[in-house]
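Listed below are the residues making up each chain.
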Amino acid sequence: MNGRKELMQKMGFRVELQDSSQTKFKIQGKKYWTSGYWQEDGGGSQILGEILNLPEMPVTSETYVGDEVDLELRDAEIRHSLHPDEIWNFHLKRNPSSGAIRNELDAYISNGSRIIVIKGPTYSAFTGGNGSTESSYYAFFEHEILIAWASRSEPLVYFPNRTPLFTRSLLLTVILAMSL
């Protein structure tokens, strides 16, 4: 990134879900996240060599610099019991601190013929009996139609009535994988 090599951590993850129709969903993949980088410092001379009157030798050192990029990547395959040969791909690229998805196709689910785009987080204010609260959520769109949204701060997912059970279960599996 930006001409330097970032250190990235890697972890496998897996989520399994069975819905009310007994359809099983399994998502398995890898999560990568930046953790900083090593910066090489060169051109200095060996101070100990000067003290001991030894020949001058060039010294290079490395300094660890903490994570400035703040990037998380998740890539996984999703399979389900209705059509075991059908594979859905899940891709997510976001800022883990803010949850921000950087570009439009940095977060999606696709089986080749269908693509569900994930956007967010979006912020909105709700007014309830206890006053106003702000909430952030991810929105899921298919053909630019909202098919679900999931809160980042609470275990709350909303599906419009038109969202089919299969799609709801698929998205719930992905939402669980996003929170790991």
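Residues numbered from 1 in each chain as written. Predicted model: local features only at pLDDT ≥ 70, side-chain atom pairs only at ≥ 80, totals over all residues. Heavy atoms only, no water.

> Please set out the overall build of the protein residue by residue, giving values where relevant.
Within the protein one finds two helices and 10 strands. Every one of the 180 residues in the protein was classed for burial, and the buried ones make up 38%. Counted over contacts in the protein with a minimum sequence separation of 6, partners at least 24 positions apart contribute 45%. By element, 52% of the accessible surface of the protein is carried by carbon and sulfur atoms, the whole surface being about 11100 Å². (Helix = DSSP H or I, 4+ residues; strand = E, 2+ residues; numbered from the N terminus. Buried < 20%, exposed > 50% of the residue type's maximum accessible area, 1.4 Å probe, protein only. Contact = heavy atoms within 4.5 Å. Areas by Shrake-Rupley, 256 points an atom, 1.4 Å probe, with all protein chains shown as cover.)

> A description of the side chain of Asn 95 should follow, citing residues and the corresponding values.
For Asn 95, the location among the structural elements is in the loop between strand 5 (88-94) and strand 6 (107-110). Taking the relative accessible area as the measure of exposure, Asn 95 reaches 16% and is therefore buried. At 3.5 Å, the side chain of Asn 95 and the side chain of Asp 70 are in polar contact. Here Asn 95 is in contact with Asp 70, Ala 100 and Arg 102, once residues within four sequence places are set aside. (Polar contact = N/O pair within 3.5 Å; in protein donor to acceptor, adjacent residues only side chain to side chain.)

> Can you tell me about the nonpolar core, naming the residues and giving the values?
Of all hydrophobic cores here, the largest spans 28 residues; its most connected members are Ile 27, Phe 90, Ile 109, Ile 118 and Phe 140. Residue contacts for Phe 90: discarding those within four places in its chain leaves Phe 13, Ile 27, Arg 74, Asp 75, Ala 76, Ile 78, Tyr 108, Ile 109, Ile 118, Val 174, Ala 177 and Met 178. (Core = buried A, V, L, I, M, F, W, Y, C linked by side-chain atoms within 4.5 Å.)

> Give a description of the pattern of salt bridges that names residues and reports values.
Under the counting rule described, the total for this entry stands at five salt bridges. Between Glu 77 and Arg 79 there is a salt bridge; the shortest N-O distance is 3.7 Å. With a shortest N-O distance of 2.7 Å, Arg 114 and Glu 142 are connected by a salt bridge. Here Arg 114, found in the loop between strand 6 and strand 7 (115-128), pairs with Glu 142, found in strand 8 (residues 131-142); they are 28 residues apart in sequence, far enough to count as distant. (Salt bridge = Lys/Arg side-chain N within 4 Å of Asp/Glu carboxyl O.)

> I'd love a proper account of the confidence of the model for the protein, names of residues and values included.
Model confidence for the protein is summarised by a mean pLDDT of 84, while 73% of its residues fall at 70 or above. Confidence, read as mean pLDDT per element, is least for helix 1 (residues 47-51) in the protein (58) and greatest for strand 6 (98). (pLDDT = per-residue confidence, 0-100.)

> Account for the packing of aromatic side chains, naming residues and giving values.
Evaluated as defined, the whole model comprises four aromatic pairs. Here Phe 25 and Phe 166 contribute two aromatic rings whose centre-to-centre distance is 5.3 Å and whose plane-to-plane angle is 50°, an arrangement assigned as tilted. Placement of Phe 25 in strand 2 (residues 24-45) and of Phe 166 in helix 2 (residues 165-178) is noted, with a sequence separation of 141 residues between them. The two residues Phe 25 and Phe 166 agree in class, both being buried. Both rings, one in Tyr 137 and one in Trp 149, keep their centres 4.8 Å apart while their planes meet at 45°; by these two values the pair is tilted. Residue Tyr 137 is found in strand 8, and its partner Trp 149 is found in strand 9 (residues 145-151); the two are separated by 12 residues along the sequence. The class of Tyr 137 is buried, set by a relative accessible area of 17%. With a relative accessible area of 15%, Trp 149 lands in the buried category. (Phe/Tyr/Trp six-rings, centres within 6.5 Å; stacked < 30°, edge-to-face > 60°.)

> Report on the side chain of Asp 70, specifying residues and quantitative values.
Of note, Asp 70 is situated in the loop between strand 3 (58-65) and strand 4 (72-80). Looking at Asp 70, the relative accessible area reads 16%, which means it is buried. Aside from chain neighbours lying at most four places away, what touches Asp 70 is Thr 34, Arg 94, Asn 95, Pro 96, Ser 97 and Arg 102.

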